[in-house]
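Summary of structural features
So you can see what is in the structure, the chains are spelled out below.
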Amino acid sequence: MKFKFHVSPSIKGNLTTQEIMKELTCCLLVLFVLACIYYGTNYGADYAMQAVAMLAASLVTTFICEYLFAKIRKRDPKSEIKNSFGWVTAIILTLMVPITMRIYAVVIATAFAIIFGKMLFGGFGHNVFNPAAVGRAVIFASFAGATTDLVTSATPTTTIASNLGWMPSSADELSQFLSQYGGWSSLFLGTYPGALGETFTLAIVILGIFLIVRKIIDWRVPVVYLGTIFVMTMVVAILAGIPSYHGIPGFLWYPVLHLLLGGAVFGAFFMLTDPVTSPTAPAGRTIFALGAGILTVLIRLTGNLPEGCLYSILLMNMFTPMIESALDGKQLEIQTKAKKMFACLAIIGLALAFYSSTQIGKSETAAVPQAEVKEVDQL
Amino acid sequence: MSLFLGSMSHHIPGRKELTDSKAVVRLLPKKEAYIPLVAGRAAGQNSFNILVEEGEAVQVGTKLAETKSGMYVPIYSSVSGTYKGIVKRMHSTLRPQEHMVIECDGKQTSVQAFEPLDYKHATREECVDFVKNAGIVGLGGAGFPTYVKYGKPDGVECVLINAVECEPYITADYRNVMDDPTDLIIGADIMKKMADVQHVYICIKESHPDLIAKVKENLGGYQGIEVRPVPDVYPMGWERVLVREVLHREYNNLPAEAGAIVGNASSAIAIAKAFTKGEPIHEKTVTVSGNAVKNPQNVVVPVGTPVSEIMEACGGYTAETVRLIAGGPMMGRTIVNDLFVVDRATNAITVLEDVADDAIACLRCGRCSDHCPSGLQPVRIKEAVQKNDLDEMIKRGASSCIECGMCTYICPSHIDVTEHVRKAKRVIAMKKK
């Protein structure tokens, strides 16, 4: 019989970090399987094999990097790898690249994500940037042309951004655009080419709601982020006079189109909710998501890139420490301050929506050479 | 569901079924009772006037000692026998303290400690004075003298009686109220008079419909007393959370600022017994529970009964390494031997199998900030402690922590977050000195 001392409290809840990561991993793998099925049935088995090879390459790279890092820090590699959850980064990164990406590009991007995105900051829990987003940015910047011989058509985001400047000027133009990708239903289901896992909007939303109900992710982030995109693009639609489509007014279908295309929904549920790189308090997370939503719309409509989700995440990651320190203190006492910050940011968002509405419709092909646009894919 | 604020509470499985329906067992100390010379900050012979001589015979209700200065608290004997002097022993607050030793004769003969008082015909001030002389202290765990709260009830609109018992495992209050609802309501009526208010709310968890029904049955004839069911979340029994739930108000230091006095249900019963029978607090219902005790049950023991004897009566320990906790698993302290005794504020002994610590890196999920009932950001305080940044510890409000243990409980990485905040509190307190 021994009496052990322990600081209070002496009991712990059931939800562990391992469990959180397990459920997150399962949801991400569901998306990956969906991708394999889609590419396997629509394009052939070699496409599905390519997806599997990409994931395998990314996972192996992750484990090698983490093993070496553990060795350098003289820690037990097994427990380091187990408790650093690098595979989540690997899966997210794989889901963000298009099927046509070469394996070596995926390997290098993963290595960058793990080494420069995570380990140099001190490992799991200390990184400033979402490591998967770092990896995707590396591909974006350096390997846009590193494509295989596998052929898919241009993604809808690229098409709408470069050919229409995010503004279908008539119902016919929209119909023509939609028909290339199987119409609204296929945009919802995700059965069109794009980044591996980002296209399956419906599945992502279902998985996201599951994670919210299980309290794995915070509902505030996706709700505020997607809400911001919706409201901003709605304002843009009204100001820019986006035409109605088969009786649906422009201020309704246009925001929906924005949510369906590109990586917004995937980013909302799986990347912005990354706890390590977002603020810890609810008020901070709300403001964080609002900022990311504004940046996404801004980059999409006025930037040179077709899609803004990725960079909005990376930029807001940088603001996380600032948001946190601005909202330090007792939460009941900083409520007014937090609400003021939110309101100010929302007003800036609206002002930017006004600005954006004057910018859309101008084809972006002028700014980015046509050949490159084709390669610059989702996100 | 606020965009800017988390839930500030969390449901914790109560495990009350281990003990709540079992019969209460009465025990007496085998040989000696050790009555702690502790009342709030006052501790030891220097703070107390000892009123009995060594070798003197005492009975249940004999006044043994009273505080010399500060808040007045008398201490009455809980057993009959012979006073043998003073020894230093481990106390449930984890510090060695002086205890008065009484050799029991096992007869439990009693004297009336003081005259009963008909509160209906006494003035408010007389009632408060009576409670002071009866030595009634808060039985919810803090042991704060009850009369102090009723000194100047200006601006107080209601009394909240706390029968929530939000700590897991503990059912002592539940048993006390279930077995003695009339005294609870008499006590509530006395508190109503002392606070000079029109309303008393008896707060009971929604998950205890049987208890709610029992109290409601006995309410007949009393005006202004009602039962208020509250959600089964932790720490609903903390007065700040209770005031927030029932009155939707916040306050800085004392609930009276929000117009409420909060009293514990067992304290209300003790008050009723003092007024009607002239009985001081001499025995305690203590829940002995947890996953490493053979027969979890409620026991009624005289104050000063050693825990080792109680554990023996409950069949002993079932694990090789245990955490013996004076109180519940969330806020109670682990004590490294079972030599301490039941004090007036002890309401539970929890025995848990020891589990190895398995903390991993903080993933900054912010669950501690979402659930902190004080609205603190424990993860940020922890970061300030790790950086040893005193200014940030103060700015982040560490001193407002009540160590309810929520942040450690909720932490998915199994970090002892509460301990980090406790460290911050200590650093700030040192700096102030």
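For clarity, every value in this text was computed on a predicted model and none was experimentally measured. (Residues numbered from 1 in each chain as written. Chains lettered and ligands numbered in written order. Predicted model: local features only at pLDDT ≥ 70, side-chain atom pairs only at ≥ 80, totals over all residues.)

**Quick notes on the overall build of chain A**
The helix and strand inventory of chain A stands at 17 helices and one strand. Here the C-alpha atoms of chain A give a radius of gyration of 21 Å, agreeing with the 21 Å that 2.2 N^0.38 yields for 379 residues. In chain A, buried positions account for 52% of the 379 residues. If you take every contact in chain A between residues at least 6 apart in sequence, the share linking residues at least 24 apart comes to 75%. (Helix = DSSP H or I, 4+ residues; strand = E, 2+ residues; numbered from the N terminus. Rg over C-alpha atoms; globule rule 2.2 N^0.38 Å. Buried ≥ 20, exposed ≤ 12 C-beta atoms within 10 Å, placed from the backbone. Contact = placed C-beta atoms within 7 Å.)

**Things to note about the overall build of chain B**
Check the secondary structure of chain B and you find 13 helices and 19 strands. Taken over C-alpha atoms, the radius of gyration comes to 22 Å for chain B, in line with the 22 Å a tight globule of 433 residues would show. Taking the principal axes of its C-alpha atoms as reference, chain B extends roughly 60 × 50 × 45 Å. Evaluated residue by residue, chain B yields a buried proportion of 54% over its 433 residues. Within chain B, contacts between residues at least 6 apart in sequence are counted, and of these 71% link residues at least 24 apart.

**Brief notes about the confidence of the model for chain A**
Averaged over all residues, the pLDDT of chain A is 89; the fraction at 70 or higher stands at 94%. Confidence drops under pLDDT 50 across residues 363–379 of chain A; counting only partners more than four residues distant or on other chains, this segment forms 46 contacts. (pLDDT = per-residue confidence, 0-100.)

**Observations regarding the sheet that holds strand E5 (residues 48–50) of chain B**
All names here are of chain B. Read across the sheet, three strands follow the order E5-E7-E8 without closing on themselves; strand pairing throughout is antiparallel. A single partner strand is all that each edge strand has here, and the edge strands are E5 and strand E8 (74–76). For this sheet the average axis-to-axis angle between neighbouring strands, irrespective of direction, equals 25°. Examined bridge by bridge, strand E7 (residues 63–67) and E8 share three bridges and lie antiparallel to one another. Within the sheet, the bridge partner assigned to Ala-65 lies in E8 and is Ile-75. (Pairing = 2+ DSSP bridges. Axes fitted to C-alpha atoms, helices over the stretch in contact; angles between N-to-C directions.)

**With respect to the interface of chain B and chain A**
Contact residues are listed per partner, giving 52 residues for chain B and 37 residues for chain A. Every element with two or more residues in the side of chain B that touches chain A is listed here: strand E17 (321–326), strand E18 (333–334), helix H9 (367–371), helix H10 (378–387), helix H12 (406–410) and helix H13 (417–432) of chain B. Class assignment for the residues of the side of chain B that touches chain A results in 23 nonpolar, 16 polar and 13 charged. In terms of strand pairing, strand E1 (residues 2–3) of chain A meets E17(B) through two bridges, oriented parallel. If you follow Lys2(A) over to E17(B), its bridge partner there is Thr321(B). (Nonpolar A, V, L, I, M, F, W, Y, C, P; charged D, E, K, R; others polar.)

**Some points on the domain arrangement of chain A**
All names here are of chain A. Examined at the domain level, chain A breaks down into domain 1 (17–142) and domain 2 (156–375). With 28 residues of domain 1 at the interface, the matching set in domain 2 holds 24 residues. Sorting the residues of the side of domain 1 that touches domain 2 by element identifies helix H1 (17–43), helix H4 (86–96) and helix H6 (131–142) as the ones contributing at least two each. Take the side of domain 1 that touches domain 2: its biggest share by element is 11 residues, from H1. When its residues are assigned to classes, the side of domain 1 that touches domain 2 shows 22 nonpolar, four polar and two charged. (Domains from an automatic or database assignment.)

**Thoughts on the UniProt feature "binding site: [4Fe-4S] cluster 1" (unreviewed entry) in chain B**
Residue and element names in this part refer to chain B. Residues annotated in UniProt with the feature "binding site: [4Fe-4S] cluster 1" (unreviewed entry) correspond here to Cys-362, Cys-365, Cys-368 and Cys-411. Separation in sequence by 50 residues is not matched in space for these annotated residues, since their most distant C-alpha atoms are only 11.0 Å apart. The contacts of Cys-368, once residues within four sequence positions are left out, are Pro-378, Val-379, Cys-407, Ile-410, Cys-411 and Val-417. In this structure, Cys-411 sits in the loop between H12 and H13. The residues contacting Cys-411, other than those within four sequence positions of it, are Arg-367, Cys-368 and Val-417. (UniProt positions renumbered as here; feature names shortened; annotations may be inferred.)

**Re the nonpolar core**
By size, the foremost hydrophobic cluster in this structure holds 136 residues, and its most contacted members are Leu160(B), Ile161(B), Ile202(B), Cys203(B) and Ile271(B). Beyond its immediate sequence surroundings of up to four residues, Ile161(B) is in contact with Ala188(B), Val200(B), Tyr201(B), Ile202(B), Cys203(B), Gly263(B), Ala265(B) and Ala268(B). Formed by 114 residues, the second largest nonpolar core is a distinct cluster that contains Met96(A), Tyr181(A), Ala292(A) and Leu295(A). (Core = buried A, V, L, I, M, F, W, Y, C linked by C-beta atoms within 7 Å.)

**Focus on the environment of His414(B)**
Of note, His414(B) is situated in the loop between H12 and H13. Looking at His414(B), the number of C-beta atoms within 10 Å reads 17, which means it is partly exposed. It is 36 Å that separates the C-alpha atoms of His414(B) and Val301(B), two residues lying 113 residues apart in sequence. His414(B) has contacts with Lys12(A), Thr16(A), Asp358(B), Ala359(B) and Ile360(B), leaving out every residue within four places of it along the chain.

**Regarding the pairing of E7(B)**
Residues and elements named next belong to chain B. Sheet topology places E5 next to E7; three bridges connect them, and they run antiparallel. Each residue of the ladder has a partner; that of Asn-49, found in E7, is Glu-66. The loop that links E7 with its antiparallel partner E8 comprises six residues; one of these, Gly-70, has a positive phi angle of about 70°.

**Side note on the domain arrangement of chain B**
Residue and element names in this part refer to chain B. Structurally, chain B comprises domain 1 (16–109 + 282–353), domain 2 (124–277) and domain 3 (367–432). Computed over C-alpha atoms only, the centres of domain 2 and domain 3 are separated by 30 Å. Every contact between the two is made by five residues of domain 2 and, on the other side, four residues of domain 3. Taken together, the residues of the side of domain 2 that touches domain 3 break down into four nonpolar, no polar and one charged.

**Considerations on the UniProt feature "transmembrane region" (unreviewed entry) in chain A**
Residues and elements named next belong to chain A. In the numbering used here, UniProt assigns the "transmembrane region" (unreviewed entry) feature to residues 20–41, 47–69, 90–116, 192–212, 224–245, 251–272 and 341–358. The span residues 47–69 shows a helical share of 100% and a strand share of 0%, and its end C-alpha atoms are spaced 33 Å apart. Structurally, residues 251–272 is divided into 82% helix and 0% strand, and its ends, taken at the C-alpha atoms, are 26 Å apart.

**Notes on H13(B)**
All names here are of chain B. The end-to-end C-alpha separation of H13 is 23 Å, in line with the 22 Å expected for 16 residues at 1.5 Å each. The complete set of buried residues in H13 reads Val-417, Thr-418, His-420, Val-421 and Ala-424. Seen end-on, H13 carries its buried residues on one side only, within an arc spanning 160°. Facing away from the buried side of H13 by more than 90 degrees, the exposed set consists of Arg-426, Ala-429 and Met-430. The inward-facing, buried residues of H13 abut H9, H10, helix H11 (390–395) and H12. (Expected span 1.5 Å × (residues − 1). Arc of directions from axis to C-beta.)

**Digging into the UniProt feature "binding site: [4Fe-4S] cluster 2" (unreviewed entry) in chain B**
Residue and element names in this part refer to chain B. As recorded in UniProt, the feature "binding site: [4Fe-4S] cluster 2" (unreviewed entry) lies at Cys-372, Cys-401, Cys-404 and Cys-407. Judged by maximum C-alpha separation, these annotated positions cover 36 residues in sequence but sit close together in space, the widest gap being only 10.6 Å. Along the chain, Cys-372 turns up in the loop between H9 and H10. Each residue touching Cys-372, except ones within four places of it in the same chain, is listed here: Met-8, Pro-378, Met-406 and Cys-407. Mapped onto the elements of the fold, Cys-404 is located in the loop between H11 and H12.

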